[in-house]
Each structure stands twice: as C-alpha cells, then as structure tokens.
Amino acid sequence: MDQRVGFFLLLALGLLCLSLSPVTQANDLLDDGMDDDMDVEDELAGPEDEDLDGDLEDEAPSAPKPPPPPKVTYKAPEPVGEHFFAESFDRGTLDGWVLSNAKKDSADEEIAKYDGKWMVEEMKDSKLPGDKGLVLKSRAKHHAISAQLLRPFIFDTMPLIIQYEVNFQSGIDCGGAYIKLLTQTPDLDLDQFVDTTPYTIMFGPDKCGEDYKLHFIFRHKNPKTGEFEEKHAKKPDADLRSYYTDKKTHLYTLVVNPDNSFEVLIDNTVVNSGNLLTDMTPSVNPPAEIEDPNDHKPEDWDERAKIQDPDSVKPEDWDDDAPAQIPDEDAVTPEGWLDNEPEYIGDPDAIKPEDWDEEMDGEWEAPQIPNPACETAPGCGVWKRPMIDNPNYKGKWKPPMIDNPNYQGVWKPRKIANPAFFEDLHPFRMTPFNAVGLELWSMSSDIFFDNFFITNDRNTADRWANDGWGLKRAAESAAEPGLATQMLNAAEERPWLWVVYVLTVALPLILIIVFCCTGKKKSPATPAEYKKTDEPQPDVKEEEEQEEEEEKVEEAEKSGPEEKDDSEESPVKEEEEAEKDDEQEAVDESEDDILRRSPRNRKVRRD
C-alpha cells in the first residue's frame, strides 16, 4: 500500500507542477538554427522607466518581479548565395510586383475582374514590429499579382527549391494560398495574368470545406504532340488541419531534384515525398500497350461462370403459392376483449372553431383520441388471429446452379501497341520559368504571405529560412502563454474540459485518502488457518498457560479461608469438576496436535 500511496502522491505533484509551469519552447527555439546576427533583448525598460527607477531607489524595496519574456528584435533577412528570387516586403511597398488588370473568361461579369486588394503591412497580431508581408485583403474576389525573377530558372543539373511563408490570420473557409511559377514564353504579360496563363509548377496550400490540400502540380510537355498535361502529386499522408487553423506562420517548401525525386515540407518537416515518374497522377509516361478500341466481344462468348441445372426437376410436393405466414389456428380471443368498442373515438370535449367554413373546409370532425373504455381491456375492435410462420413454406422453386461447361471467362479487348506511347525518363527537365505569381480566389481575407525565395542551393534556402521564418517562430513561441493559461483558454471554448480538470486533480487525492484512512485491520488467524498455510505461528500457548497460572494464584489468595469449606462439598460437585478437567485436557491435546502438524514445528524438529 505504501508504494501505491507514493505513486499517487507523485502523480498529484506532477499534475500540479505541469499546471503551473510556463512554456519554455521559446528559449529552446532561440538557441536552435539562429545566426549570430539575431539580437535577442532581455532589457525591455526604456529611458523613462530608468528615471523612474532612480527616483524610487530611496523608497522601501518592493517584492521581486519575475523577469519579462525575451524580446526578439526583427532584422530583415538578406539573401546570401545563389538565388533567383528573394522578397521579404520589408521595404513596405509593392515595387517590382505587377497587379493584374485582366478579367477571368469563365466567371460572371460581376466577379470576373481581378480587383481583389493587396497590401503590404504587418500582421494584425505581429510579434515582430517591423516585419511586413504581402496581405490578401478582400473576400469573394479574384486576386492576381506577379513579379519577375532575377533571371529565368532552367532545369538542368541543379535542384529547384521554393519556399515562402503563409499565415491564415482570420482562418480559412474556402480558398487557396498557392503560388505559380509562370512559364517563360514570348507573350508573357504580367499585366494580363489570369488563371489560364501558362505555368510550370503550382505549389502551396488550398482548402475548401473539410478538404485540406497541399498542391504540387507540374505541367509536363508531351514530346510527341507538344501538348501540356497537368501532373498532380499524391495526397500527403500527414494531417494538415492544424497548419490551416492555428493562425500561426508556417513555412512551405518544395524541393525537386534532378534525379526526379521531390519533397514537400512544412516548417522544415517532410509531409510528402516521391518520384516524378511513379508518384504523379496521371503518370508521366503512358502505357506501352492499350486495349484495341476496334475489338468487340463475339456474340457467342459465354461469360457465365454458373448456370441453372437443366436436368433438375421440381419436386411434386413443392407448393410455389404457399404463403410465408398463416393465421395461428390455436389462438383464442383474450378474455375481456371489446369487439364492439372502437380503438379511437372522437374527442367529446372538442369544439368546432368559430371560423370553420364547411363549404371551404368540409364537414368538421372532432379529433380522434384513444377510447377510454379500452384502457382496462386487453383490446378493442375486431379481433384477428395472429400470424405465424408457415411450416410448409418453401418459396418459389428454382433449379440449382452448376458450373457452366461453356464458360469462357470475362471477355477483354486484345492489347495493341499504344500509338501515343513515349518514354520520358527525365521529367525534371521542365519548361523554364521566369516569373512567380499568386492567382487566387478566397472567401477569407487577411491571408499573410512573406519571404518568397527561389534557389538551387539547399544551404542558401536553409539560411534564408532561419533568418526569416526561424526568427518569426521564435517570437511567436516567446509570446505564447503558460500551460495554465492555455488550459483556461481551452476550457472557455470547451466548458466540458472543467470536468476533466477536476477529475484529474481530485481523483488522485480521493484515492490517497481512501488508501491511507480506510485500511482494513487484519484479524488474528485461528489455529486451523495456520495449519493451511506456512505463515509462522506466534507463541500463544505459552502466554495462555502463564496467564492461567497467574489467575489461579490470584483466586487462591482471594479464596483463603474458604478452601476448607470447598473441600467438604458434595461428591456431585467433584464429579462436575472432573468432567470439566477432562474436557480441558481434550482441548489441550487438540491444540498440541495442531502445533505438531504446523510447518514451523516440523522445521524445528528437523533442526
């Protein structure tokens, strides 16, 4: 029991410590992946606060205050190394970006224009003053904006790395936050950027209803026809819900390698990976053989695996018309059944409404109510025999099924060589692109984009991510409330959590009280119980004999002069005392026998 009590004490203390401990993730994040040029300030007091502290030096010392959370000072990331595009929006303008003035051909005139608003501003709940980003401001509007790369990206021997940040500040109902890498063509006009503008890769989050997507689509050029076809990556196995609903900034990264492998990452964690040759739908390469469209199934082709036995004959006693159920002939009318009483009657208390018009509403009838006379009777109305299963029912006779001797299998058209077959073993060599754009429709506003980066060097991309998103993550983590505050906030949204909290704290305390205060006292064992077990038997017999001798001495001292009279008592009394002595000797012999048989005494005798 002591071990169980200790366990529950440790459990209660652990729960108490967890409920009061603050979140320490911020300190860990500040140490991981941060460069030397990131400045983390612990001093939050300004000059005015310093003067105030000087005035209060002579006053009585106040209670010590907990240190303030670390403040992360923002510094705009700077691209270092080979890159094709880098944009942090920290200049506060849209310089270099082009807003589309086109109209969407497939949409209604009222919403066809790309007139959704874009702004460069800080996040509504920014933890890094000075950190700006591109914000989609309008709801239920078409948005399109794009920018030129420093130079076109050509798929050769180096990988492609794309990364950018997204924060759904107001949540996301239905809409996307994906980007398009616009194909390099002679007629590319960013001012007329629309949904049909050719792109090489489309990548990023998209959500509508409960369908959470993370697109990776590339347009593959058919080497035989020159036509383009979209190839979609398989759906990630990871649960993406939290990335769309937690209102935090997340880093989306796509890596496509020259060996045709690809990786999709969120916050530097791989959520999807595969190969362009085997994990895209539809497949990059068509099948070498296809079914002959001109081949037709012969008329005499028999695909039936089973047929009815033609030699089978229906038995003479088979009755196809026998019903499945018949009335029970052994049933009798229950005693007290009211055949002449209807089950329902018109409500005698009902009154026809004053505005009832019989010409328009018909003849008025009182509403039906259960017949009061039937409440005490087993039933009312015409009694009918109950139905039972018909023992002679067999159903409609059918011949048994046998294997079809003429079965030829399921017919399939013959295979022929695919005239459109080709084999592209290097789908990584996609069409070059020279611009990046966002062409979106969203039912949610205030979608925050930041720190777009395109490069062919993984280390350069990691450095940019650490300088931008890493700093932002550290600031958000430093501002997170402690665990106790998070629990209270969660309980405000879900009141049923209070029950969980109370049980978590109260249950261990109740168990401790029960184990400590309601222990059951062990009753002394009888000689028979010692005989059944090997438990050591206390030396009770010697103590009992000593107590009996002491009692006899005390009785002798008290009786004194009366002993002479007792010796002259009648022979009848002496006989009774002799009988009692015999009974006591029998009991003593029984106890001695039990002691001799006990394992303890056997062990003593062996010793």
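These figures come from a predicted structure and were not determined experimentally.

### A short note on the packing of aromatic side chains
If you walk through the whole model with that rule in mind, you get 20 aromatic pairs. Seen from their ring centres, phenylalanine 89 and phenylalanine 452 are 6.0 Å apart, and the 75° between their planes marks the pair as edge-to-face. Separated by 363 residues along the polypeptide, phenylalanine 89 in the loop between β3 (85–87) and β4 (97–99) and phenylalanine 452 in strand β27 (residues 447–455) bring together distant segments of the chain. Per residue, the accessibility class of phenylalanine 89 equals that of phenylalanine 452, and both read buried. Through a chain of ring-to-ring contacts, three or more aromatic side chains come together here, namely Phe85, Phe89, Trp97, Trp118, Tyr164, Phe203, Tyr252, Phe449 and Phe452. The ring of phenylalanine 84 carries the charged tip of arginine 151 above its face, separated from the ring centre by 4.4 Å.

### Points about empty space enclosed by the protein
Taken as a whole and judged by the stated rule, the model has one cavity of 30 Å³ or more. The space that makes up the largest cavity amounts to roughly 30 Å³. In terms of lining, the largest cavity is formed by Phe85, Ile162, Gln163, Tyr164, Ile179, Val436, Phe452, Phe453 and Ile454. When residues of the lining of the largest cavity are traced back to their parent elements, those giving at least two are β8 (160–168) and β27. When grouped by side-chain class, the residues that make up the lining of the largest cavity number eight nonpolar, one polar and no charged.

### Re the state of the cysteines
Under the definition given, this model contains two disulfides. Across a sulfur-sulfur distance of 2.0 Å, cysteine 174 and cysteine 208 are joined as a disulfide pair. In this structure the cystine formed by cysteine 174 and cysteine 208 twists about its S-S bond by roughly -90°; its chirality is therefore left-handed. Of this pair, cysteine 174 sits in strand β9 (residues 174–176) while cysteine 208 is found in strand β11 (residues 199–208), placing the two residues 34 residues apart along the sequence. Sulfur-sulfur distance for the disulfide between cysteine 374 and cysteine 380 comes to 1.8 Å. Judged by the sign of its S-S torsion, about -125°, the bond between cysteine 374 and cysteine 380 is left-handed. With respect to class, cysteine 374 is no different from cysteine 380; both count as buried. Shown here for the chain is a disulfide pattern of 1-2, 3-4, where each number marks a bonded cysteine counted in sequence order.

### Remarks on unusual backbone geometry
Residue threonine 281 is joined to proline 282 through a cis peptide bond whose omega torsion reads -10°. With a phi angle near 55°, alanine 140 is a residue other than glycine that sits in the positive phi range. Tracing the sequence through the fold places alanine 140 in the loop between β6 (132–136) and β7 (141–153). A residue is classified by how much of its surface remains accessible, and alanine 140, at 28% relative accessible area, is partly exposed. Residues other than glycine seldom take positive phi values, yet asparagine 260 does so here, at roughly 80°. Among the secondary structure elements, asparagine 260 is positioned in the loop between β14 (250–256) and β15 (261–266).

Reading the values: the criteria
Residues numbered from 1 in each chain as written. Predicted model: local features only at pLDDT ≥ 70, side-chain atom pairs only at ≥ 80, totals over all residues. Heavy atoms only, no water. Phe/Tyr/Trp six-rings, centres within 6.5 Å; stacked < 30°, edge-to-face > 60°. Helix = DSSP H or I, 4+ residues; strand = E, 2+ residues; numbered from the N terminus. Buried < 20%, exposed > 50% of the residue type's maximum accessible area, 1.4 Å probe, protein only. Lys NZ or Arg CZ within 6 Å of the ring centre and 35° of its normal. 1 Å grid on protein atoms, 1.4 Å probe; cavity = no way out; pocket = protein on both sides within 12 Å on 5 of 7 lines; lining within 4 Å. Points joined across faces, edges and corners; volume = space filled by probe spheres on them. Nonpolar A, V, L, I, M, F, W, Y, C, P; charged D, E, K, R; others polar. Disulfide = S-S within 2.5 Å.

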